[in-house]
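Now for the letters of each chain:
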Amino acid sequence: GQQVMQIPQYQHVQEGEDFTTYCNSSTTLSNIQWYKQRPGGHPVFLIQLVKSGEVKKQKRLTFQFGEAKKNSSLHITATQTTDVGTYFCAGSNFGNEKLTFGTGTRLTIIP
Amino acid sequence: NAGVTQTPKFQVLKTGQSMTLQCAQDMNHEYMSWYRQDPGMGLRLIHYSVGAGITDQGEVPNGYNVSRSTTEDFPLRLLSAAPSQTSVYFCASSYVQRGEKLFFGSGTQLSVL
């Protein structure tokens, strides 16, 4: 079955440093979504990428979808304490639209 | 709009007990699903439904039942609770299954002793 891996599992950064999490799928994806879960909270949708090589930005967050549509990344510039949480990618295949979530990357910020 | 409402927020069960986790949404979403979240394993799909009267298994369905008699409600039943079912459970919905963002409920933290 489809597998979606994320690295790293944990990341501790000083406030103001950049952060990147990577998502890799064993199969080609029709689309990929990113979610953020604050500590003690529930996942909240951030963005969806559909096209090969697509890049989208939300303020300090940059999302990329690989050319082969098998990997994706989320980059946060100049982290702030409000960025704390776990970031999940989730992908679905053509013809099988069930979302498979990655294992998540937990980001902690050192003030 | 309340969005996706899950009850209860916390539950402690003894091994062998049964219970139902409730999930309701008021967004007229066709697609509803249940996930469990365990440390280091992300969110794993238990069961899902693409509309009233239609349900299907996800990645980890064993030990759980679901039904979808109305568009709004999608309860998850634990038939005979086991310690391996200790987890955080999330209900999520979207307008349709294909390529739509999911709206999550606030979760149920379940402990099975």
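Small disclaimer: the values here were computed from a predicted structure and weren't measured. (Residues numbered from 1 in each chain as written. Chains lettered and ligands numbered in written order. Predicted model: local features only at pLDDT ≥ 70, side-chain atom pairs only at ≥ 80, totals over all residues. Heavy atoms only, no water.)

Q: Any chance you could explain the overall build of chain A here in plain terms?
A: When its secondary structure is counted, chain A shows 0 helices and 11 strands. Along the chain direction, N to C, the helices and strands of chain A fall in the order β-β-β-β-β-β-β-β-β-β-β. For chain A, the residues scored as buried account for 48% of the 111 residues in total. Split by element, the accessible area of chain A, about 5300 Å² in all, is 51% carbon and sulfur. Each charge sign in chain A was given a centre, from 11 positive and 7 negative side chains, and these centres are 7 Å apart. (Helix = DSSP H or I, 4+ residues; strand = E, 2+ residues; numbered from the N terminus. Buried < 20%, exposed > 50% of the residue type's maximum accessible area, 1.4 Å probe, protein only. Areas by Shrake-Rupley, 256 points an atom, 1.4 Å probe, with all protein chains shown as cover. Lys, Arg positive; Asp, Glu negative; His and termini not counted. Charge placed at Lys NZ, Arg CZ, Asp CG, Glu CD.)

Q: Just checking my understanding: could you explain the state of the cysteines for this structure?
A: Should the sulfur atoms of two cysteines be covalently bonded, the bond is a disulfide. Residue and element names in this part refer to chain A. Scanning the entire structure with this criterion turns up 2 disulfides over all chains. Across the disulfide, C23 is cross-linked to C89 (sulfur-sulfur distance 2.0 Å). Linking C23 and C89, the disulfide has an S-S dihedral of approximately 75° and is accordingly described as right-handed. Here C23, found in strand β3 (residues 19–25), pairs with C89, found in strand β9 (residues 85–93); they are 66 residues apart in sequence, far enough to count as distant. C89 shares its class with C23; the two are buried. (Disulfide = S-S within 2.5 Å.)

Q: I keep staring at the interface of chain A and chain B and nothing clicks. Help me out?
A: Residue-level contacts link 17 residues of chain A with 19 residues of chain B. Roughly 1500 Å² is buried in total at the junction of chain A and chain B, and carbon and sulfur atoms are behind 58% of that figure. For the pair chain A and chain B, the number of links is 0 salt bridges. At the boundary of chain A and chain B, one finds 3 residue pairs in polar contact (both at pLDDT 80 or more). Of all the secondary-structure elements, those providing two or more residues to the side of chain A that touches chain B are β4 (31–37), β5 (43–49) and β10 (96–101) of chain A. A breakdown of the residues in the side of chain A that touches chain B according to their chemical character gives 6 nonpolar, 9 polar and 2 charged. (Contact = heavy atoms within 4.5 Å. Buried area = accessible area lost by both parts, 1.4 Å probe. Salt bridge = Lys/Arg side-chain N within 4 Å of Asp/Glu carboxyl O. Polar contact = N/O pair within 3.5 Å; in protein donor to acceptor, adjacent residues only side chain to side chain. Nonpolar A, V, L, I, M, F, W, Y, C, P; charged D, E, K, R; others polar.)

Q: Mind showing me how you'd approach the pattern of salt bridges here?
A: Where charged atoms of side chains with opposite charge meet at close range, the side chains can pair. Residues and elements named next belong to chain B. Here the structure, examined in full by the defined rule, presents 4 salt bridges over all chains. Close ionic contact of D38 with R44 constitutes a salt bridge, the shortest N to O distance being 2.8 Å. Taken together, the shared-partner salt bridges connect R36, D38 and R44 into one network.

Q: What should I look at first to understand the sheet that holds strand β7 (residues 61–65) of chain A in this one?
A: Paired through their backbone hydrogen bonds, the strands of a sheet run either parallel or antiparallel. Residue and element names in this part refer to chain A. Taking strand neighbours across the sheet as the criterion, the 5 strands line up as β1-β3-β8-β7-β6 in an open arrangement whose pairing is antiparallel. The strands lining the two open edges of the sheet, one partner per strand, are β1 (4–7) and β6 (55–58). With strand direction ignored, the average angle separating the axes of adjacent strands in the sheet is 15°. Here 4 bridges tie β6 to β7, and the two strands are oriented antiparallel to one another. Counted as the bridge partner of V55 is Q64 from β7. (Pairing = 2+ DSSP bridges. Axes fitted to C-alpha atoms, helices over the stretch in contact; angles between N-to-C directions.)

Q: For this particular structure, what's the right way to read the sheet that holds strand β8 (residues 76–78) of chain B?
A: Residue and element names in this part refer to chain B. One open sheet holds the 4 strands; their spatial order is β1-β3-β8-β7, and the pairing between them is antiparallel. Edge strands, defined here as strands with exactly one partner in the open sheet, are β1 (4–7) and β7 (64–66). Averaged over all pairs of adjacent strands, the angle between strand axes in this sheet comes to 20°, irrespective of strand direction.

Q: Help me understand the environment of S92(A), please; the structure alone is not making it clear to me.
A: All names here are of chain A. Here S92 lies in strand β9. For the pair S92 and N31, spaced 61 residues apart in the sequence, the C-alpha separation amounts to 6.0 Å. A distance of 2.9 Å separates a polar atom in the side chain of S92 from a polar atom in the side chain of N31.

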